[in-house]
Amino acid sequence: VQLQASGGGLVQAGGSLRLSCAASGRSLSGYGMGWFRQAPGKEREFVAAINWSGSSTNYAPSVKGRFTISRDNAKNTAYLQMNSLKPEDTAVYYCSAAGRLYGSTYSAAREYNYWGQGTQVTVSS
């Protein structure tokens, strides 16, 4: 399975970006998807997760109410809509696919078997 993240860029504070994560090599319709981020000098942290059907989502407190995770299983793609961006949202964002079939919305990185290459998001003040 290969995951390709895209959609990052430079945006002013208060702006929006939409990240995409396209999967190839295998259908991920039965697996949860997640987004994590890593800022310079910091550890990778959980951002958002969605279960296999899209019926359940989970967010980090720092992004809840501003970010929305979604998926289109027909397109084998997950999305992260980011609104009201803040400078502290600046990081490399990674998409991931869980290893457990029909699992839940996981916030722990160890639950994810597949990772994309990351896309840079920079929010200027």
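Note that the structure is predicted; figures quoted are calculated from it, not measured.

### A word on the pattern of salt bridges
Now for step 1: Counted according to the given criterion, the structure contains 4 salt bridges.
Now for step 2: The residue Arg-37 makes a salt bridge to Asp-89 at a minimum N-O spacing of 2.9 Å. Of this pair, Arg-37 sits in strand S4 (residues 31-38) while Asp-89 sits in the loop between strand S8 (77-82) and strand S9 (91-101), placing them 52 residues apart in sequence. By the burial criterion, Arg-37 is buried, and Asp-89 matches it.

### Some details on the sheet that holds strand S7 (residues 67-72)
Now for step 1: Pairing is antiparallel across the open sheet formed by 4 strands, whose spatial order is S1-S3-S8-S7. Each having just a single partner strand, strand S1 (2-6) and S7 make up the two edges of the open sheet. Here the strands of the sheet are splayed against their neighbours by 15 degrees on average, with no regard to which way each runs.
Now for step 2: One ladder, built from 6 bridges, connects strand S3 (residues 17-24) with S8; its direction is antiparallel. Bridged to Leu-19 within S8 is Leu-80.

### Description of the environment of Ser-29
Now for step 1: Examined against the element boundaries, Ser-29 turns out to sit in the loop between S3 and S4.
Now for step 2: Judged by relative accessible area, Ser-29 falls into the partly exposed class, the value being 29%.
Now for step 3: Sequence separation of Ser-29 and Tyr-102 is 73 residues, and the distance between their C-alpha atoms is 8.9 Å.
Now for step 4: Setting aside residues no more than four positions away along its own chain, Ser-29 makes contact with Trp-52, Arg-71, Asn-73 and Asn-76.
Now for step 5: Side-chain polar atoms of Ser-29 contact the side chain of Ser-27, separated by 3.1 Å.

What counts, and where the lines are drawn
- The residue count restarts for each chain, going from 1 along the sequence in the order it is written.
- Residue-level local features of this predicted model are given only where pLDDT is at least 70; pairs of side-chain atoms are given and counted only at 80 or more, and the full residue set underlies all totals for whole chains, interfaces and linings.
- Water and hydrogen atoms were dropped before computing side-chain values, which therefore reflect all heavy atoms in the structure.
- Think of a salt bridge as a Lys or Arg side-chain nitrogen and an Asp or Glu carboxyl oxygen that are within 4 Å of each other.
- In this description a helix means any DSSP run of H or I spanning at least four residues, a strand means any run of E spanning at least two, and both kinds are numbered starting from the N terminus.
- Only protein chains enter the area calculation, which uses a 1.4 Å probe; residues under 20% of their type maximum are buried, those over 50% are exposed, and those in between are partly exposed.
- Strands were regarded as paired on the criterion that DSSP finds at least two bridges between them.
- Axes, fitted as lines to C-alpha atoms, cover a helix only where it is in contact. Angles between the N-to-C directions of the axes lie from 0 to 180 degrees.
- Should any heavy atoms of two residues lie within 4.5 Å, those residues are counted as being in contact.
- We call two N or O atoms a polar contact when they sit within 3.5 Å, provided that within protein one can donate a hydrogen and the other can accept it, with sequence-adjacent residues counted only if both atoms are side-chain atoms.

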